[in-house]
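For reference, the chains in residue letters:
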Amino acid sequence: MTSPVEEPSPPTPAPGISVELAPEAAAVAPVDAAPDADATPEVVGPHDRAGQPAWVGRIFGSRDFFRLWLAQVASATGDWIGFLAIAAFATRVGAGSPDVAVSVVMAARIAPGFFLAPVGGVLVDRWDRKKVMVVCDLGRAATLAVLPFLDTVWGLVLASLVLEVFTLMWSPAKEASVPNLVPEEKLTSVNSLSLVAAYGTFPIASLLFAFLATVAVWLGNIPVLHFLSLNQEAVGFYVDVFTFLTSAFIISRLALPHLTRREREAAHPEGQDLGVTWGQAFRELKEGWHFIFIDPVVRAVMIGLGTGLIGGGMLVPLGPVFARVVLKSGTAGFGLLVTGLGVGVAVGVGTLSILQNRIPRTKVFSGAVLLAGFALMGAASMSTLWLAMLFVGVVGVCAGGVYVVGFTLLHENVSNDLRGRIFSALYTLVRLCILIAFALGPLLSGLLDNLSERYLNSHVGVAGLEVSVPGVRLTLWLAGLIIVGAGVLSVKSLRAGLRRSAAEHAPADEDTDAEIRT
């Protein structure tokens with residue numbers, strides 16, 4: 001036992017910076033403790049800086065997150081332009097079999113995620129995340145600058161692999177940094193803004209890419225620029241280079257906190273901050289996945305987002321078929337379904353931003369997953385375009401909610417030293433589930449279509465009505481059931497967490513039982 005000592009009053013922090021102490025340190029601060037030479041106080045309040053415009057704090061939580069969001073907008077716009085340019089470039093250089101060329105190049109954008117993303121998460125948790133993002137942006141810019149001078153599909157495949165590796169490092173580093181830049185009560189709204197930056201930039205990038213054809217013709221008339229091999233794709237790559245350089249410059253100016261020496265030693269007791277052996281990487285990767293399985297909230301988010309995407313992802317390849325076969329509306333009908341989905345996502349994200357501090361996030365997450373499954377089944381049951389569009393809009397509302405609330409729950413429930421691994425695992429799971437959905441959806445649709453035609457003549461009677469049951473409708477019903485199953489599993493995970501928490505912190509009583517049942 002030590003005799004009680006009078007605690008000295010804490011030093012006044014510099015304006016705009018708050019120093020976060022661990023609970024143990026806050027309780028008793030030894031007066032003779034040697035300062036950590038490498039310790040950098042964790043900046044948890046850049047949002048408190050004096051002179052910050054009120055609208056920045058109100059909308060973005062902090063000036064530094066606003067800058068990070070601008071970097072994400074630039075990076076995402078570049079990603080989409082690069083995606084379109086690479087697809088067009090693959091079609092041109094693979095003239096003999098353009099479809100195969102595009103498929104191989106797109107596979108090169110997906111494959112690295114399954115093997116490299118988990119290791120990337122380990123590195124993101126060890127390295128300075130700001131430097132990781134800057135280096136990744138510069139690496140993507142350098143890779144894209146070389147693309148106009150390639151003339152083979154395999155060169156394009158190699159470049160796509162390199163681009164994807166950098167992206168797999170950049171995204172977890174960005175997500176792991178968000179909770180260090182904004183107050184906790186702003187996490188829902190800033191995740192909504194991140195969703196807008198990630199996917200709302202696609203139509204802007206599409207318009208820019210279309211406009212670049214005119215720009216390429218104009219630049220092609222300038223003799224001094226002929227060495228740049230200018231065409232629509234090449235100009236797209238150069239614009240992409242500019243967006244990534246812009247992102248790197250913005251991020252380099254951010255005041256992003258990083259782990260102190262004490263935090264690194266606690267997270268990596270081997271004593272090696274930067275050097276990573278395969279054994280250490282495997283142990284830390286195992287630690288991240290172990291946390292996913294034991295933490296009920298994180299487990300529920302992974303199940304809801306991952307498994308739900310297997311069902312929801314089928315809507316993408318099957319949507320055009322459903323519009324043509326069931327709704328009899330063709331390409332225009334599919335365009336309206338996509339519009340309904342986009343409007344629904346916008347409504348869901350906007351509603352959550354408004355109600356962010358007045359909603360029970362875990363219940364909203366699992367409820368949104370369940371409702372998305374039922375809404376997809378409802379959309380598949382419709383034979384009228386406008387009714388199908390309405391149900392697809394509900395799917396969009398729920399999808400936006402699941403994304404925003406899911407990321408918020410991970411930000412709130414995962415410690416700083418684990419976030420890189422958890423978000424890398426999430427991105428790996430998302431890619432895997434989308435790939436399964438894209439591959440499985442059309443196969444199931446064709447199989448069920450043959451079975452329905454053989455045994456049901458593609459029609460069944462329900463309450464005196466004859467209902468058409470082509471394979472695409474049956475597959476979308478199954479997709480809805482998969483999403484509902486994901487919702488049920490996430491609810492069970494959250495209830496298990498409530499029971500464990502109740503057992504650990506208080507004896508079971510009627511109030512606790514009532515909370516668990518709800």
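Basis of the calculations
All chains use their own residue numbering, which begins from 1 and follows the written sequence. For this predicted model, a pLDDT threshold of at least 70 governs which residues receive local features, and a threshold of 80 or more governs which side-chain atom pairs are given and counted, while totals over whole chains, interfaces and linings are taken from all residues. Only hydrogens and water are set aside; all other atoms, that is, all heavy atoms of the structure, feed into the side-chain values. When the centres of two rings from Phe, Tyr and Trp lie within 6.5 Å, Trp using its six-membered ring, the rings pair. Their planes under 30 degrees apart give stacked, over 60 give edge-to-face, and anything left gives tilted. Numbering of helices and strands starts at the N terminus; helices are DSSP runs of H or I of at least 4 residues and strands are runs of E of at least 2. Confidence of the prediction at every residue is given by pLDDT, a number between 0 and 100. Throughout, a residue-residue contact means that at least one pair of heavy atoms, one from each residue, lies within 4.5 Å. Axes, fitted as lines to C-alpha atoms, cover a helix only where it is in contact. Angles between the N-to-C directions of the axes lie from 0 to 180 degrees. Here is the rule for angles: anything less than 35 degrees is roughly parallel, anything more than 145 is roughly antiparallel, 65 through 115 is roughly perpendicular, and the remaining ranges are oblique. Two helices crossing with the near one rotated counterclockwise from the far one by less than a right angle form a left-handed crossing, whereas a clockwise rotation gives a right-handed crossing. Side-chain classes are defined by residue name, with Ala, Val, Leu, Ile, Met, Phe, Trp, Tyr, Cys and Pro counting as nonpolar, Asp, Glu, Lys and Arg as charged, and the others, Gly among them, as polar. One side-chain nitrogen of Lys or Arg within 4 Å of one carboxyl oxygen of Asp or Glu is enough to make a salt bridge. Whether a residue is buried, partly exposed or exposed follows from its accessible area with a 1.4 Å probe, protein chains only, as a fraction of its type maximum: under 20%, in between, or over 50%, in that order. Arc definition: directions from the helix axis to the C-beta atoms.

Visitor: Is there a simple way to think about the packing of aromatic side chains in this case?
Guide: Aromatic rings in a pair are described by how distant their centres are and how their planes are angled relative to each other. In total, this model carries nine aromatic pairs according to the counting rule given. A ring pair is formed by F60 and W69, whose centres lie 5.2 Å apart and whose planes are at 50 degrees; its orientation type is tilted. Centre to centre, the rings of F407 and Y427 are 6.5 Å apart; their planes meet at 65 degrees, and the pair counts as edge-to-face. You can see F407 sitting in helix 17 (residues 385–413) and its partner Y427 sitting in helix 18 (residues 419–455), a full 20 residues away along the chain. Here the aromatic residues Y199, Y403, F407, F423 and Y427 are joined through ring pairs into a cluster of three or more.

Visitor: What's the story with the confidence of the model for the protein chain in this structure? I'm lost.
Guide: Caution applies to low-pLDDT parts of the model: their predicted coordinates are not meant to be read in detail. Looking at the protein chain, the pLDDT average stands at 78 and 75% of residues meet or exceed 70. Overall, residues 1–48 carries pLDDT values under 50, and its contacts beyond four positions in sequence, including any with other chains, amount to 44 contacts. Considering only residues more than four positions removed or in separate chains, one finds that residues 514–518, a stretch of pLDDT under 50, has seven contacts.

Visitor: Help me understand the packing of helix 7 (residues 153–177) against helix 18, please; the structure alone is not making it clear to me.
Guide: Relative orientation and spacing of two packed helices are given, respectively, by the angle between their axes and the distance between those axes. The contact between helix 7 and helix 18 brings their axes to 8 Å, and the two run at 125 degrees. The orientation of helix 7 relative to helix 18 falls into the category oblique. Seen from above, helix 7 lies across helix 18 with right-handed handedness. Only R419, G420, F423, S424, Y427 and R431 of helix 18 make contact with helix 7, whose side of the interface consists of E164, L168, S171, P172, E175 and A176. A breakdown of the residues in the contact of helix 7 with helix 18 according to their chemical character gives five nonpolar, three polar and four charged.

Visitor: What am I meant to see in the pattern of salt bridges here?
Guide: Pairing between side chains becomes possible if they bear opposite charge and their charged atoms approach one another. Throughout the structure, instances matching the rule amount to seven salt bridges. Here D79 makes a salt bridge to R140, at a shortest N to O gap of 3.6 Å. Note that D79 is positioned in helix 3 (residues 63–93) and R140 in helix 6 (residues 129–146), a separation of 61 residues in sequence. Residue classification places R140 among the buried positions, given a relative accessible area of 1%. Its salt-bridge partner being K174, residue E175 comes within 3.2 Å of it at the nearest N-O pair. Relative accessible area serves as the criterion here: at 3%, E175 is assigned to the buried category. Classification of K174 as buried rests on a relative accessible area of 1%.

Visitor: So what exactly am I meant to see when it comes to helix 14 (residues 315–325) here?
Guide: Every α-helical turn comprises 3.6 residues, leaving residues that sit three or four positions apart pointing alike. Looking at helix 14, one finds that the buried residues are L315, L318, G319, F322 and A323. Buried residues of helix 14, viewed axially, fall in a sector of 140 degrees; they line one side.

Visitor: Help me understand the side chain of S445 in this model?
Guide: With respect to the helices, strands and loops of the structure, S445 is situated in helix 18. You can call S445 buried: its relative accessible area is 9%. With sequence-adjacent residues up to four places away left out, S445 is seen in contact with L318, G471, V472 and T475.

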